[in-house]
Amino acid sequence: MHHTGDITFPVGPQHPALKEPEFFSFDVDGEKVVSADIRLGYSHRGIEKGCEERTYIQALYLVERICGICSHSHATVFCQGVEELMGLEVPKRSLYIRTIVGELERIHSHLLWFGVAAHEVGYDTMFMYSWRDREIVMDLLELATGNRVNYSINTIGGVRRDLTKDQGQILKEGIGEIEKKVLYYMNVGIQEKTFMMRVKDVGVISKEVTEKLAACGPTARGSGVPLDARRDDPYAAYGEIPFEVVTSDKCDVLGRTLVRIGEVLESCKIIKYAIDNLPEGPIAVKAPRKVPEGEVFARYETPRGELVHYIKSNGTEKPERVKVRAPSLGNVMPVKYMLEGYNIADIPIILAAIDPCFSCADRMVRIEGTRNNREMNWQQLRAYGINWYKNK
Amino acid sequence: MNEDIQAKLGTKFPGIIAEFKSPRKARIYFRLNGGQFKDVLAYLMKDLGYSHLSTITAIDNGTAFEAVYNLFGKNTGVSMGVKIDRGDPHIETITDIVPGALVYEREIQEMMGIKVDNIPDGRRLIIPENWPQDQYPLRKDWNISMLPESFNDGLLRKWRE
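Calculation rules
- Residues numbered from 1 in each chain as written.
- Chains lettered and ligands numbered in written order.
- Predicted model: local features only at pLDDT ≥ 70, side-chain atom pairs only at ≥ 80, totals over all residues.
- Axes fitted to C-alpha atoms, helices over the stretch in contact; angles between N-to-C directions.
- Helix = DSSP H or I, 4+ residues; strand = E, 2+ residues; numbered from the N terminus.
- Parallel < 35°, antiparallel > 145°, perpendicular 65-115°, else oblique.
- Left-handed = near helix turned anticlockwise from the far one by under 90°.
- Contact = placed C-beta atoms within 7 Å.
- Nonpolar A, V, L, I, M, F, W, Y, C, P; charged D, E, K, R; others polar.
- Pairing = 2+ DSSP bridges.
- Expected span 1.5 Å × (residues − 1).
- Buried ≥ 20, exposed ≤ 12 C-beta atoms within 10 Å, placed from the backbone.
- Domains from an automatic or database assignment.

1. Notes on the packing of helix α6 (residues 165-189) of chain A against helix α11 (residues 253-276) of chain A
All names here are of chain A.
Line of reasoning, step 1. Packing of α6 against α11 leaves a shortest axis separation of 10 Å and a crossing angle of 160°. Between α6 and α11, the crossing angle belongs to the class labelled roughly antiparallel. Of the two possible hands of crossing, α6 and α11 adopt the one that is left-handed. On the side of α6, the interface is formed by Gly168, Leu171, Lys172, Ile175, Ile178, Glu179, Val182, Tyr185 and Met186, while α11 contributes Ile261, Val264, Leu265, Cys268, Ile271, Lys272 and Ile275.
Line of reasoning, step 2. Taken together, the residues that form the contact of α6 with α11 break down as 12 nonpolar, one polar and three charged.

Below you can see the structure in the form of structure tokens.
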């Protein structure tokens, strides 16, 4: 498995592309990466173990905090799993609202990713554009759920907040705006020659290898593997909403970029359709505290790919086991493969192209409070900082 | 639902398919009673078309371990449970069938302490290098007070203060 390059050079635990910690070690031969190795675990927080010690509704808020970007994904898949175990009939209106928030989240995540990817190849104009336009969707999320991140709209048995007609109208207007901007990226931004030169034929992974390494999400779809839980395993309202699964057979970073941009446009269509066809009725049903004994394999398509929660219940009000498999963990093996054979300068963009989220991939072991926990306000914090440097 | 799959598995592997459940069309759950689990897995993935490995879940119910192989294909999710003896927990690697299983196997090995036989790369992936060798945080009988006082420069002591 391991080739030996002339030099092994370590990268991390500061991420070379995103603002999250993990450790890489690259064996290089001159400028070429001969082999890559990844070490995770720097943001493990003990969430799986923590879920076993909490009631289902408490665990819901904990899993929502696994990731700051796909927080709605984790909460929805957990609710779906628990509702299936309880045998709850969830009102249709709440399923549509979950879908709308889920797609807004996808747009937000893909625009964030697009900005980061552009930045990694030195295309900062695009980074500014895409992050500016991401603010539109952040505002829409705040309008629909009350929060910019960790939306907390889910509860076991439905959603916690209804969507009014007026809100629906504002959402549709905002989505129209995003659609225009994204079409512009597609027709102008991505066609830019210098961008093309950095992403075309970089980080190539064939369809066969992608399947063997069990990749998921845009990483798989960018290599022509049409895995998408929304279509293959419909949940929420996806069974009733028409949409296309975007794939690309380019197998490189460009392919993954095209998939994500195409998905933003599909998400816009889904949101508009869901708002126009929002069923009337209640938004939640009452859920029992105890969950009958059983097991459930719940799946969800997050912006980064397939998310799995495997929940085992034992008849009490606390779960026996909650296993979380976030998409980034599934894409660790493929990214190792993709890096081999490319230049050191390509490392950031290849890593960024799987849109890794290591707080998702890491969940379990970090002991809270590595220093004495203290609460302080801004002034106290500032004074503490000044003092610390004075006494140094 | 999915009786045809149950029948196919029953014919191919007589006597070892237990607790077959299919609460809805898109889900199948069953456990194995002995037998070669890798043959069943290869049959599910290669012949029956459940070709995507979603994850491997290790479960500790206090008296025994179980490894649940979560597969997906043909619009159906399949969960196959394999019992593991708690006294001497080990299971054969499946990386020869799906190379992508390596990260999940490394995970169950260090988090649950189920040794994976013939794993191509058994180094730690997630938990720190200085974590005690014989402690597995996802086991039911593990709790944080079992960490030695000296761990991470007396981290626990500081934390309790």
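So that's the structure; there's more coming.
2. Regarding the interface of chain B and chain A
Line of reasoning, step 1. Contacts between chain B and chain A engage 34 residues on the former and 34 residues on the latter.
Line of reasoning, step 2. Among the secondary structure elements, those contributing two or more residues to the side of chain B that touches chain A are β2 (27-32), β3 (52-60), β4 (65-73), β5 (76-84), α3 (102-111) and α4 (155-160) of chain B.
Line of reasoning, step 3. Broken down by class, the residue content of the side of chain B that touches chain A amounts to 20 nonpolar, 10 polar and four charged.

3. Focus: the sheet that holds strand β7 (residues 305-313) of chain A
Sheet strands pair via backbone hydrogen bonds, and the direction of the pair is either parallel or antiparallel.
All names here are of chain A.
Line of reasoning, step 1. In space, the three strands of this open sheet follow the order β6-β7-β8, with antiparallel pairing throughout. The sheet terminates laterally at β6 (294-302) and β8 (319-325), the two strands that pair on one side only. With strand direction ignored, the average angle separating the axes of adjacent strands in the sheet is 15°.
Line of reasoning, step 2. With respect to the sheet, helix α3 (residues 71-86) is in contact with β6 and β7, its orientation differing from that of β6 by roughly 150°.

4. Thoughts on α3(A)
Line of reasoning, step 1. Taking 1.5 Å as the rise per residue, α3(A) with 16 residues should run 22 Å; its terminal C-alpha atoms sit 23 Å apart, in good agreement.
Line of reasoning, step 2. Across the 16 residues of α3(A), 15 count as buried, placing the element largely inside the fold.

5. Details of the domain arrangement of chain A
Where the parts come together, the accessible area they lose is often given as the size of the interface.
All names here are of chain A.
Line of reasoning, step 1. Parsing chain A into structural domains produces domain 1 (7-41 + 366-390) and domain 2 (47-361).
Line of reasoning, step 2. Centre-to-centre, using C-alpha coordinates, domain 1 lies 26 Å away from domain 2.
Line of reasoning, step 3. Each partner contributes residues to the interface: domain 1 has 15 residues there, and domain 2 has 18 residues.
Line of reasoning, step 4. Per-element accounting of the side of domain 1 that touches domain 2 gives the leading share, six residues, to strand β3 (residues 32-39).
Line of reasoning, step 5. Each residue belonging to the side of domain 1 that touches domain 2 can be placed in one class, and the counts come to 10 nonpolar, one polar and four charged.

6. A few points about the pairing of β3(A)
In regular strands, side chains alternate between the two faces of the sheet.
Residues and elements named next belong to chain A.
Line of reasoning, step 1. Pairing between strand β2 (residues 23-29) and β3: seven bridges, direction antiparallel. Across the sheet, the residue bridging to Asp27 is Ser35, located in β3.
Line of reasoning, step 2. Connecting β2 to the next strand, β3, in antiparallel fashion are two residues, including Gly30 with a positive phi near 65°.

7. Re the domain arrangement of chain B
All names here are of chain B.
Line of reasoning, step 1. Domain annotation of chain B identifies domain 1 (3-126) and domain 2 (128-161).
Line of reasoning, step 2. Its C-alpha centre places domain 1 at a distance of 30 Å from the equivalent point of domain 2.
Line of reasoning, step 3. Contact with domain 1, which involves seven residues of that partner, is made by six residues of domain 2.
Line of reasoning, step 4. Considering only residue class, the side of domain 1 that touches domain 2 consists of three nonpolar, two polar and two charged.

8. Points about helix α2 (residues 56-64) of chain A
Line of reasoning, step 1. For α2(A), every residue scored as buried is listed here: A:Tyr56, A:Ala59, A:Leu60, A:Leu62, A:Val63 and A:Glu64.
Line of reasoning, step 2. Looking at the buried side of α2(A), the elements it contacts are α1 (47-52), α3, β4 (154-155) and β8 of chain A.

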